[in-house]
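# Residue-level structural notes
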Protein chains: 2
Amino acid sequence: MHHRSPTIRIALVGFGNVGKTLVERLGGAYQRALREEGAQVRVTGIATRSHGIAVDPQGLDSRSVLRLIRSGRSLGALHRGPVVKSTKHFIKTVPADVLVELTPLDPKRGEPATTHVRLALARRMHVISANKGPVAFALARLRALARRKGRAFLYEGAVMDGAPIFNLVERCLPGTKILSFRGTLNGTTSLILSRMEDGLRAADALREAQALGIAEADPRHDLDGWDGAIKGCALAHAFWGIRVLPTRVRRKGIGGITARDVRRALRHGERLRLVVRGERRGQQVRITVAPEAISLDDPLAGRGGDSALLLETDLAGEIAIVEREGTVDQTAYAVLSDLLAILRRPDRGEAR
Amino acid sequence: MHHRSPTIRIALVGFGNVGKTLVERLGGAYQRALREEGAQVRVTGIATRSHGIAVDPQGLDSRSVLRLIRSGRSLGALHRGPVVKSTKHFIKTVPADVLVELTPLDPKRGEPATTHVRLALARRMHVISANKGPVAFALARLRALARRKGRAFLYEGAVMDGAPIFNLVERCLPGTKILSFRGTLNGTTSLILSRMEDGLRAADALREAQALGIAEADPRHDLDGWDGAIKGCALAHAFWGIRVLPTRVRRKGIGGITARDVRRALRHGERLRLVVRGERRGQQVRITVAPEAISLDDPLAGRGGDSALLLETDLAGEIAIVEREGTVDQTAYAVLSDLLAILRRPDRGEAR
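Residues numbered from 1 in each chain as written. Chains lettered and ligands numbered in written order. Predicted model: local features only at pLDDT ≥ 70, side-chain atom pairs only at ≥ 80, totals over all residues. Heavy atoms only, no water.

What follows covers the interface of chain B and chain A. Residue-level contacts link 47 residues of chain B with 47 residues of chain A. Here chain B meets chain A over a buried area of about 3,500 Å², counting both sides, of which 57% is carbon and sulfur. Taken as a group, L315, R324 and Y333 of chain B account for 19% of the area that chain B buries against chain A, more than any other trio of residues on that side. Connecting chain B to chain A are eight salt bridges. (Contact = heavy atoms within 4.5 Å. Buried area = accessible area lost by both parts, 1.4 Å probe. Salt bridge = Lys/Arg side-chain N within 4 Å of Asp/Glu carboxyl O.)

Another point: the packing of aromatic side chains. All chains considered together, the criterion is met by ten aromatic pairs over all chains. When the centroid spacing of 5.3 Å and the interplanar angle of 50 degrees are considered together, the rings of F153 of chain A and Y155 of chain A count as tilted. Judged on exposure class, the residue F153 of chain A and its partner Y155 of chain A are both buried. Their ring planes at 80 degrees and their centres at 5.0 Å tell us that Y155 of chain B and F166 of chain B sit as a pair that is edge-to-face. You can see Y155 of chain B sitting in the loop between β6 (153–154) and α7 (165–172) and its partner F166 of chain B sitting in helix α7, a full eleven residues away along the chain. (Phe/Tyr/Trp six-rings, centres within 6.5 Å; stacked < 30°, edge-to-face > 60°. Buried < 20%, exposed > 50% of the residue type's maximum accessible area, 1.4 Å probe, protein only. Helix = DSSP H or I, 4+ residues; strand = E, 2+ residues; numbered from the N terminus.)

The next subject is the sheet that holds strand β7 (residues 178–184) of chain B. Read from one edge of the open sheet, twelve strands run β8(A)-β10(A)-β9(A)-β7(A)-β11(A)-β12(A)-β12(B)-β11(B)-β7(B)-β9(B)-β10(B)-β8(B), paired in mixed fashion. Where the open sheet ends on each side, the last strands, each with one partner, are β8 (250–251) of chain A together with β8 (250–251) of chain B. With six bridges joining them, strand β11 (residues 307–313) of chain B and strand β12 (residues 318–324) of chain B adopt antiparallel strand pairing. Bridge pairing in β12 of chain B links A308 of chain B to V322 of chain B. (Pairing = 2+ DSSP bridges.)

Any two side chains of opposite charge can pair if their charged atoms end up close together. Taken as a whole and judged by the stated rule, the model has 49 salt bridges over all chains. Here D198 of chain A makes a salt bridge to R195 of chain A, at a shortest N to O gap of 2.6 Å. What makes D198 of chain A exposed here is its relative accessible area of 53%. Judged by its relative accessible area of 23%, R195 of chain A falls in the partly exposed class. The closest approach of N and O atoms between R32 of chain B and E36 of chain B, which form a salt bridge, is 3.4 Å. Pair noted here: R32 of chain B and E36 of chain B are both in helix α2 (residues 31–36), with a separation of four residues, about one helical turn. Since its relative accessible area comes to 53%, E36 of chain B is described here as exposed. Via salt bridges that share partners, R182, D298 and E318 of chain A together with R303, D306, R324 and E325 of chain B belong to a single interconnected network.

For any two helices packed against each other, the geometry is given by the interaxial angle and the distance between the axes. All names here are of chain B. Packing of helix α1 (residues 17–26) against helix α3 (residues 62–70) leaves a shortest axis separation of 9 Å and a crossing angle of 150 degrees. One finds that α1 runs roughly antiparallel with respect to α3. In the crossing of α1 with α3, the sense of the turn from one axis to the other is left-handed. Residue-level contacts link K20, V23 and E24 of α1 to S62, L66, I69 and R70 of α3. Partitioning the contact of α1 with α3 into residue classes produces three nonpolar, one polar and three charged. (Axes fitted to C-alpha atoms, helices over the stretch in contact; angles between N-to-C directions. Parallel < 35°, antiparallel > 145°, perpendicular 65-115°, else oblique. Left-handed = near helix turned anticlockwise from the far one by under 90°. Nonpolar A, V, L, I, M, F, W, Y, C, P; charged D, E, K, R; others polar.)

Cis peptide bonds are those with omega within 30 degrees of zero, and the linkage from E111 of chain A to P112 of chain A qualifies with 5 degrees. Topologically, P112 of chain A is positioned in the loop between β4 (98–101) and α5 (113–122). Even without glycine at this site, D161 of chain A takes up a positive phi of about 50 degrees. Mapped onto the fold, D161 of chain A is located in the loop between β6 (153–154) and α7 (165–172). Judged by relative accessible area, D161 of chain A falls into the partly exposed class, the value being 23%. Phi at M160 of chain B takes a positive value of approximately 60 degrees, unusual for a residue other than glycine.

For a regular strand, the rule is simple: side chains alternate between the two faces of the sheet. All names here are of chain A. Note: strand β1 (residues 7–13) against strand β2 (residues 40–47), seven bridges, orientation parallel. Residue pairing in the sheet places I8 in a bridge with V41 of β2. Linking β2 to strand β3 (residues 53–55), which pair antiparallel, is a turn of five residues; within it G52 sits at a positive phi near 75 degrees.

Note that all results are geometric; they support no functional claim without further evidence.
Printed below as a string of structure tokens:
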């Protein structure tokens, strides 16, 4: 007798590099992993900023989606059913079990992502966010909402792409307390400072980061430390359950750093990087973002494309996790890993 | 109404630095973590190589145990009940729910640890091993036995002390395949090579490693790559389910390395380390141990006290985990983390 695999229906809000990679791989490289979980995925809706909205309860064809996007056309041609008037309307009505939140962030408010997550949980969808905003600004509230609704809110891709930092702390360090952390969490500034070591000018290095698709939509948010500040707040919120507003982070960017500074550090066996630090003392959490000279034997002193997070714990000493040459592929993997975690829940939502 | 916390009874085989630290901390720093799990631990038996065997169903007093050991006396004075004739007899009769295996290893056969694990699982005890031998030589068999008996066999401390490498792969990288790994897994050789960079002679650096308690009982097993070979086999067995005998590992030690080699590497921006590599192609696994010149921006090029493992995955890119300045404290933590995993099982063994 042949049993059909259960199908989980997912909807995407935001369709940039990560979303495109995800949809492409769900139809390809990720299928083995999903099959091993005894499941298949159907993408039933995509809401984009500039290519319209498409919903199809029977599932959107990934090749058609990618063809339309790449030729600059709207997804509207693939839409089935009543007109969807807005992204919020999409989230409230799309026939899906899981919402994947991938919109660009307004870093000062964590919106619209936080609202999207809240709306989806409220109607009892699981939510996966690769967006640091909701984690930094609203994790405790969103977790509580998810618990009340019996649904999952997962966000492994929000910081350090596919390197499993939230899951490492939650699943692999039982009984420990994180005392402090420090990390090179902003790929754009690491790449710029590393290319300056090679003799490149900062502006040219920035263009390289933009070509690689790792820079923020507005690269000033990378250079002035805003991106790092929000990531530090996201980690603090997840590790300690304490909300720190990014505006409260002491923040210094890399704007004042010259080629001479970079070379002088190297002569001293050090490498300049923009470092995010977090420290907890009782209920007080302090987060800072600033350039630091890092000794070459430190886990944070990797190549320009690497990111690293070092955790100081009470019982397990100091442990670092390093992602080498992170790309959107790894962020898409983080969404897959969250999806697999949902599929392993006893209460996973499934299409009827 | 007052409920007593459930008590889990543990027995230790082997009582070196890790065992002593574990017993000390179970009565101290680890109590908070156990209380948060709603459990308490009672050490009901300890079998040592040169300080006798003690069993007490009511629990051994940790301060008395440590006082006797430190003054070089036998634990026999604390023993209650019939005489225990041997370590095997101890394992077969000790009134405990969990056996913690910490004996020194015969690296050519993985014994007596493998037999100890097998005997304990056979009588339906959970087993925690901080011993790489059983993992390298017998993991698949021991896992199958544990499954048949409905008990856990856990071994996070077998490689890289408290850094959660087995759990990282099992719990945090769902759906990925490990394609290859490379690591600085032998603390003694990393420390020696790093101290040679500082100008120390190899023999003096070895004495330092021995004073720190990180060298193998027979330090030749560190220097000639045996320890690394067994660790490589343990990782391969765990990641790929394929057994490779350590005798089949292509192995080169650090014996031939001179101070001049170390300095020349540094001048080229490289650091010499004994590197364990593993690679899978289909059902073929190749493991090698050899000194390598590592670029300073590589996660493996840390300080002498650091160890690192880099994983090349199919879907999540390259991820490294680094342990800074590993000590027996971290290995004791690995045992605690395995113990907490057992306490979270629905079928955890408890004292009646």
